[in-house]
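# Reading the structure
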Amino acid sequence: MKVLVTGGAGFIGSHLVDALMEKGYEVRALDDLSAGTLENVKRWLDHERFEFIKGDMRDPGVVKKAVEDVDIVFHLAANPEVRIGSQSPELLYETNVLITYNLLQAMRNSNVKYLIFTSSSTVYGDAEKLPTPEDYAPLEPISVYGGAKLAAEALISGYAHTFDFNALIIRLANIIGKRSNHGVIYDFINKLKRNPKELEILGDGTQRKSYLHVSDTIEGMLTIFEHFKREGKRVDFYNLGNEDWITVREIAQIVSEEMGLSPEFKFTGGIDGGRGWKGDVKLMLLDISKAKRTGWRPRLNSYEAVRRTVRELLGKDL
Ligand SMILES: O=c1ccn([C@@H]2O[C@H](COP(=O)(O)OP(=O)(O)O[C@H]3O[C@H](CO)[C@H](O)[C@H](O)[C@H]3O)[C@@H](O)[C@H]2O)c(=O)[nH]1
């Protein structure tokens, strides 16, 4: 079985490559190295079952070549920065919607049977129901990023039904862990390295979300995929997150503690009622009962996942 992982040198993608290689698949990773690094896949570069392609998915020719002889595509390539939506909406469109369209077009003349897409909790916007189940409606994203993910989901569903392949859409909570190079924990560590006495916190610190460690994420994705193959549905949707949630202030406390610091917290106050930026969802907790019915369970809760990630990013013993 040959698997293509788009974004395969990125944070989540490279962990997925590790798991697929360990399971014995032939793996091709496609990445433009804009956020990912070759370092993340270094251990596989000389392996006979591994192939790396450096390429930008905005170029249809690159995508066409990447899907050749492939049975399964895990589509993780994306720009994950929700916060850039108000300055660069066009970039989020290109790097989430356009590249997905290019992939779907390339798949029309290929042997790909399964597409697994990492969507996002942001498709739910400010959901009134928490924890939010997959069938929550109406889907009203409040960020361009969330809108782009939802548009990509819709295209995938349409193409899957029209061109006879199966598509699994996984809506991820906030994923954290080793090799992550953006997001709140990464930002706090870097801010504290620059100034150990003070920590700027965007918003009012009460933003509360569910965080899942990347190890639980990969295990979840692969367990859900096995279940999806057995069920044989054309298209299906799964939330993947944790059962608890944690505030930004609590994350700041854990990061400070692990760095042995007692900085003064400076809240910017934020916008639109304490959000970090335009389109920042303030409360996010996904209903993960559907994922759990496949046999998967998170091993680390949000607090444990945050602490472990801080230690991993600081290079400390776990
Ligand atoms: O310096 C900072 C950075 C972030 N935050 C706050 O921390 C929270 C988390 O922010 P992140 O940047 O870590 O993550 P997001 O919630 O914006 O988005 C993440 O999770 C989403 C799914 O839930 C998407 O998948 C997305 O790609 C991924 O980056 C936000 O409320 C933000 O306001 C701060 O207070 N200060």
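Residues numbered from 1 in each chain as written. Predicted model: local features only at pLDDT ≥ 70, side-chain atom pairs only at ≥ 80, totals over all residues. Heavy atoms only, no water.

## Examining the packing of aromatic side chains
Stated precisely, the cut-off is as follows: Between 30 and 60 degrees the pair is tilted, below 30 it is stacked and above 60 it is edge-to-face, where a pair is any two Phe, Tyr or Trp rings, Trp via its six-membered ring, whose centres lie within 6.5 Å. Secondary structure elements follow DSSP: runs of H or I no shorter than four residues count as helices, runs of E no shorter than two count as strands, and numbering proceeds from the N terminus. Remark: exposure states derive from per-residue accessible area (1.4 Å probe, protein chains only) relative to the maximum for the residue type, with buried under 20%, exposed over 50%, and partly exposed in between.
Applying the stated rule across the entire model yields 6 aromatic pairs. A ring pair is formed by tyrosine 124 and tyrosine 136, whose centres lie 6.4 Å apart and whose planes are at 80 degrees; its orientation type is edge-to-face. Here tyrosine 124, found in the loop between strand E5 (114–120) and helix H4 (144–163), pairs with tyrosine 136, found in the loop between E5 and H4; they are 12 residues apart in sequence, far enough to count as distant. One exposure class covers both tyrosine 124 and tyrosine 136, and it is buried. Where phenylalanine 265 meets phenylalanine 267, the ring centres are 6.5 Å apart and the plane angle is 85 degrees; that geometry is what we call edge-to-face.

## Brief notes about the domain arrangement of the chain
As a reminder, the rule being used: An automatic or database domain assignment is the source of the domain bounds shown. Accessible surface is computed with a 1.4 Å probe, and the buried area is the amount of it that two parts give up when combined, taken over both parts together. What makes a salt bridge here is a side-chain nitrogen of Lys or Arg within 4 Å of a carboxyl oxygen of Asp or Glu, nothing more.
According to the domain assignment, the chain contains domain 1 (2–175 + 211–240) and domain 2 (177–210 + 243–314). The C-alpha centroid of domain 2 is placed 23 Å from the C-alpha centroid of domain 1. For the pair domain 1 and domain 2, the summed buried area comes to about 3,500 Å², and 59% of that belongs to carbon and sulfur atoms. When the area that domain 1 buries against domain 2 is broken down by residue, the three leading residues are Arg83, Tyr211 and His213, summing to 24%. Across the domain 1-domain 2 interface, the total number found is 5 salt bridges.

## Points about the site of the ligand
Just so we agree on the cut-off: Throughout, the term near means that a residue has one or more heavy atoms lying within 4 Å of the molecule or strand in question. Whenever a nitrogen or oxygen atom comes within 3.5 Å of another N or O atom, the pair is scored as a polar contact, on the condition that within protein one atom can donate a hydrogen and the other can accept it, and that pairs from neighbouring residues in sequence are kept only if both atoms are in side chains. Here the Shrake-Rupley method, with its probe set to 1.4 Å, supplies the accessible areas, and only the displayed protein chains count as covering residues.
Close contacts around the ligand come from 25 residues, with Pro80, Ser121, Asn174, Lys209 and Asp280 the closest. Contacts to the ligand include asparagine 174, whose side-chain N or O atom sits 2.5 Å from an oxygen atom. Within the side chain of glutamine 207, a nitrogen or oxygen atom sits 2.9 Å from an oxygen atom of the ligand. About the coverage of the ligand: the protein hides 93% of its 700 Å² of free accessible area.

## A word on the pairing of strand E6 (residues 166–172)
Threshold: Paired strands, as defined in this entry, are two strands with at least two bridges between them according to DSSP.
With 7 of 7 residues buried, E6 is to be regarded as a mostly interior element. Across the two faces of E6 the burial is the same, with Asn166, Leu168, Ile170 and Leu172 and Ala167, Ile169 and Arg171 all buried. Alignment of E5 against E6, held across 7 bridges, turns out to be parallel. Looking at E6, one finds that phenylalanine 117 is bridged to isoleucine 169.

## A word on the nonpolar core
What counts, and what does not: The definition of a nonpolar core used throughout is a set of buried Ala, Val, Leu, Ile, Met, Phe, Trp, Tyr and Cys residues joined through side-chain atoms within 4.5 Å. Residue contacts are defined here by distance: any two heavy atoms, one from each residue, within 4.5 Å place the two residues in contact.
Counting 46 residues, the largest nonpolar core has Leu16, Val17, Leu20, Phe74 and Leu240 as the members making the most contacts within it. When contributions to this core are tallied by element, the ones reaching two or more residues are strand E1 (2–6), helix H1 (11–22), strand E2 (26–31), strand E4 (72–75), E5, E6, helix H6 (214–231) and strand E11 (235–240). The contacts of leucine 20, once residues within four sequence positions are left out, are Val3, Val5, Tyr25, Val27, Phe74 and Leu222. One finds Met57, Val67, Val73 and Leu104 within the second-largest nonpolar core, a separate group that totals 27 residues.

## Quick word on the sheet that holds E4
Rule in force here: All axes here are fitted lines through C-alpha atoms, helices being fitted over the stretch that makes contact, and every angle between N-to-C directions spans 0 to 180 degrees.
The strand order E3-E2-E1-E4-E5-E6-E11 describes an open sheet built from 7 strands, whose pairing is parallel. Where the open sheet ends on each side, the last strands, each with one partner, are strand E3 (50–54) and E11. Pairwise comparison of adjacent strand axes, ignoring direction, gives a mean angle of 15 degrees for this sheet. Against the sheet, H4 makes contact with E5, E6 and E11, and its axis sits at roughly 160 degrees relative to E5, the strand it touches most.

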